[in-house]
Each structure stands twice: as C-alpha cells, then as structure tokens.
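Residue-level structural notes
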Amino acid sequence: MESIQMVDLKSQYKKIKNKIDKSILDVIESSAFIKGPEVKKFQEELQNYLNVNHVIPCGNGTDALQIALMALGLEEGDEVITSNFTFAATVEVIALLKLKPVLVDVDRDTFALNPDEVEKAITSKTKAIIPVHLFGQCANMDSIMEIAQKHNLYVVEDTAQAIGADYTFDDGTVKKAGTIGTIGTTSFFPSKNLGCYGDGGALFTNDADLAKRLQAIVNHGMYKRYYHDEVGVNSRLDSIQAAVLRVKLPHLDEYSSARNKAAVFYNEAFKDVACLETPITAKYSTHVFHQYTLKTKGIDRNELQAFLKEKGIPSMIYYPVPLHKQKAYLQEGVTDEQFPVTMELCETVLSLPMHTELDENQLEYITQAVLEFCKEK
Ligand SMILES: *Cc1c(COP(=O)(O)O)cnc(C)c1O
C-alpha cells in the first residue's frame, strides 16, 4: 500500500504529467510569463465552466477576498458579517481594510453561516456578508440572498473550498458556487480542489461594471495603462500557473467524483458508529469534499488523532481555534457563549485524508483504524 497522505498531489500529477510538463515548457518557450495568452484562455475556460460572465484571475484566494471588498467601495467602520468557524483569511482582509468583522455562529450540519445568526447580527452599519462554502458544500444561499436583498447588502462568496459545487435554489435553478452573490472568490492553492503549482486565485461576477473595477484593482488601479484612477494592488495569476490550471480544469468534475467516492466509502464504514457523526450533504448543494470532516461524540478527538498517527494515518483539525479567540481578532464584548456551535466544532471535529487518489486499500486501512479506536472506547 502506498503511504497515506492528507493530500496526494504527486500521484495526481503523475497521471497528467505529460500534459502538464508540455504546458509548462510551452510557457517557458514563449516567455510570456505574465499576462500571457494562457491566462486569457484559462479565464475564458473558467467562465464557461462556471457559467459566469466575468472571471478575473489574481494572485491568491486571500487577495481575491481583499480585492472584492475594495471594489465594493466599503468605508472605514462598515460592518462585514462572516463565519467564526473558518480559515482566517476572511477576517484578515476585513481588518486590513479597516472594516469591522462581525463574526457569527455556523450551522451544525453544514459548518457554514447560519442565516438566522446573520439576520440577528445586522445593524445600520452592515454592508456585506461573506458566506464561506466550507469543506466543499455551499452555505444556505436561498436564505442568505433573501436577507441580503431585504437589507440591501453585498454578498461575497468565499469559494476557496467549494469550486465546482452546484447550488440548487428552492425554485429549481442551479448555479455554480461562487456565481450567486455579488462577487465570488476562489483560491488555486495547490491543495485546493482546483489547485495550481504555486499561488493563484480568481474573482467571479456577472456584473460588467464591477468586473471592470476588479480588473483595474488587480492591476494597480489602472483602467488605462499608466493612468491610476484609484488605489489598487498588484495581484496576478502568472502564465505557468494558468497553464497548469488549463490542464486540470477539464478534470475537475472527475476529481470531485473521486472525492465523493472516498466520502461514500467513509460514510458507509462509519454509519453505525456511535462516537462518530459523518458529514451531512445539504439538500440544496452538491458536495465536492474539499475536506471529509467527522464530528466525534463522547471520545477524545485528540486521542483518536494520536492513535491514527501511530498507524501512519494523517488527520487534521480544521479548525482548532475559533476566530473570535485569535489574538489578532479579539473584540470587546464578544464571548464564547455567542458561538455554541463553533465552540463545539472546534473541540470535536477531525478531518480524514481526502484527495483524488485514495484507493480502496488505503480507505479500508483508514476506516479499520478508526473503527478499532472507537471499539476500544
Ligand atoms: C485557502 C483559503 C483561502 C485563502 O486562499 P490563499 O490562496 O491561500 O490565499 C481563503 N478562504 C478559505 C476558506 C480558504 O480555504
């Protein structure tokens, strides 16, 4: 059996090595390293895949979030509502822009923003909501969009973990994650579901004016070369990364299926185990399993992790500390009691190896080890 990894990028690469190597070499031969034709082609191909009018590539997923908030013209002190249970990038960019992050609790089943909590957190200063489609499935966008419309708020969807997921609205309309709100953002960090071989990111929107503004902001605020109409940033997807992504994009749906197959294997193995709760797939979203995250019950999650490690099985805790307890983001008057679900999840979740190359032997070995631990308890 191949050694088990949390994410196995090397085995995935080996299957597409010829195409990847050729694409990278072609970029080097062309020497169009920045803003080359590969970037433009990838942009168009991703637009087609997502069925969205505008894709604006940028340097990484964190920049994408920052650029989205810059383009919305928010002002110092404006409030942005987001999830307390996620990676720090979201609050980081809110704070960098001197906006106020307002953290709310998540839904226990989906790990994503709880719309009731969003509604409660709205004040006269609220300008935007950032739902994070965590672990590979969408937040409840019917409710979030309804709240946003009612209160006239922007919605920026953080799709770094859910690219390719389909959201089905109550009326039956289907849209890709990231194409529902005002702006969608994503990351092409290597371990993401559509990962490049370095850093990369993108923004999505159907609004032509907003697309123009985003395009200018990523490029030093230039609408016309060397005319800087506003303060921008320098955030680019380079041609080599675009070339890698062009090879991988046609495989994205097959990668999502491979992840789902592994998830089904795990779900089957753990379905009758009292100390484990398997991930729930919401009726409104497909799941692309960026992570396969268990909730443990009545066992010591850290002990389980140590037990697996001894057997050569990696696992990760996403996320061990809620954002409201991070030193950089402490806020007066914010207490643990306001986030019962987040607090519980931080104590009990464990993510198992999840990637496109897990084989049955590995899955069998992992599930047997988890079951062995649970039986002893
Ligand atoms: C990875 C990630 C980001 C940041 O993406 P980078 O490309 O690493 O900057 C933002 N949000 C979420 C939810 C992520 O998982």
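Structural notes, computed from the coordinates. (Residues numbered from 1 in each chain as written. Predicted model: local features only at pLDDT ≥ 70, side-chain atom pairs only at ≥ 80, totals over all residues. Heavy atoms only, no water.)

What about the overall build of the chain?
From N to C terminus, the chain includes 13 helices and 14 strands. Against the globule reference of 21 Å for 377 residues, the chain gives a C-alpha radius of gyration of 21 Å, in line with a compact fold. If one aligns the C-alpha atoms of the chain with their principal axes, the spans along those axes are about 70 × 55 × 40 Å. The buried share of the chain, taken over its 377 residues, is 56%. Taking as baseline every contact in the chain between residues at least 6 positions apart, the subset at least 24 positions apart corresponds to 73%. Looking at the chain as shown, the accessible area adds up to about 17,000 Å², and 49% of this sits on carbon and sulfur atoms. Taken as two groups, the 39 positive and 52 negative side-chain charges of the chain have centres that lie 5 Å from each other. (Helix = DSSP H or I, 4+ residues; strand = E, 2+ residues; numbered from the N terminus. Rg over C-alpha atoms; globule rule 2.2 N^0.38 Å. Buried < 20%, exposed > 50% of the residue type's maximum accessible area, 1.4 Å probe, protein only. Contact = heavy atoms within 4.5 Å. Areas by Shrake-Rupley, 256 points an atom, 1.4 Å probe, with all protein chains shown as cover. Lys, Arg positive; Asp, Glu negative; His and termini not counted. Charge placed at Lys NZ, Arg CZ, Asp CG, Glu CD.)

Some remarks on the site of the ligand
By nearness alone, every residue bordering the ligand is listed as N60, G61, T62, T86, F87, A89, V132, D158, A160, Q161, S187 and K192. Here an oxygen atom of the ligand sits 3.0 Å away from a polar atom, N or O, in the side chain of K192. Across the shell around the ligand, the residue classes break down as four nonpolar, six polar and two charged. (Near = heavy atom within 4 Å. Polar contact = N/O pair within 3.5 Å; in protein donor to acceptor, adjacent residues only side chain to side chain. Nonpolar A, V, L, I, M, F, W, Y, C, P; charged D, E, K, R; others polar.)

Digging into the nonpolar core
Judged by nonpolar contacts, the single largest core of 29 residues is most densely connected at Y266, F270, L276, Y292, L308 and L352. Mapped by element, the contributors of at least two residues to this core are helix 10 (252–270), strand 13 (292–296), helix 11 (301–310), strand 14 (349–352) and helix 13 (360–376). Among the elements that make up this core, the one with the highest residue count is helix 13 (seven residues). (Core = buried A, V, L, I, M, F, W, Y, C linked by side-chain atoms within 4.5 Å.)

Quick word on the sheet that holds strand 9 (residues 201–205)
With mixed pairing, the seven strands of this open sheet are ordered in space as 1-9-8-5-4-2-3. Every interior strand has two partners, whereas the edge strands, strand 1 (54–58) and strand 3 (100–104), have only one. Pairs of neighbouring strands in the sheet enclose a mean axial angle of 25°, with direction left out of account. For strand 2 (residues 79–83) and strand 3, the ladder comprises five bridges, and the chain directions are parallel. Across the sheet, the residue bridging to E79 is K100, located in strand 3. Packed on one face of the sheet, helix 3 (residues 37–50) meets strand 1 and strand 9 and runs near 135° to strand 1. The sheet strands contacting helix 7 (residues 141–151) are strand 4 (126–130) and strand 5 (154–158), and the helix crosses strand 5 at an angle near 150°. (Pairing = 2+ DSSP bridges. Axes fitted to C-alpha atoms, helices over the stretch in contact; angles between N-to-C directions.)

Looking at the environment of G61
With respect to the helices, strands and loops of the structure, G61 is situated in helix 4 (residues 61–71). With residues up to four places along the chain from it excluded, the contact list for G61 reads T186, S187, G200 and G201.

Notes on the packing of helix 4 against helix 5 (residues 89–96)
To describe two helices that pack against each other, one gives the angle between their axes and the distance between the axes. Where helix 4 meets helix 5, the closest approach of the two axes is 9 Å, and the angle between their N-to-C directions is 40°. On the basis of the axis angle, helix 4 is oblique to helix 5. Our pair here, helix 4 against helix 5, has a crossing hand that is right-handed. Where helix 4 abuts helix 5, its residues T62, L65, Q66 and L69 lie against A89, T90, E92, V93, I94 and L96. When grouped by side-chain class, the residues that make up the contact of helix 4 with helix 5 number six nonpolar, three polar and one charged. (Parallel < 35°, antiparallel > 145°, perpendicular 65-115°, else oblique. Left-handed = near helix turned anticlockwise from the far one by under 90°.)

Brief notes about the pairing of strand 3
The element strand 3 is extensively covered by neighbouring structure, given that four of its five residues are classed as buried. Considered for its hand, the β-α-β crossover made up of strand 2, helix 5 and strand 3 is right-handed. (Right-handed = clockwise from strand over helix to strand, strands pointing away.)

Points about a nonpolar patch on the surface
Taken together, L25, I28, F33 and I34 make up a surface patch of nonpolar side chains, about 360 Å² in accessible area. Tracing the backbone through its elements, the reader meets I28 in helix 2 (residues 17–30). With a relative accessible area of 41%, I28 lands in the partly exposed category. (Patch = residues over 30% accessible without salt bridge, like charges linked within 9 Å, V, L, I, M, F, W, Y side chains within 5 Å. Salt bridge = Lys/Arg side-chain N within 4 Å of Asp/Glu carboxyl O.)

Some details on a negative patch on the surface
Judged by side-chain charge, E2, D359, E360 and E364 come together as a negatively charged surface patch. Within the secondary structure, E2 sits in the segment before helix 1 (9–15). Residue E2 is classed as exposed on the basis of its relative accessible area, which comes to 55%.

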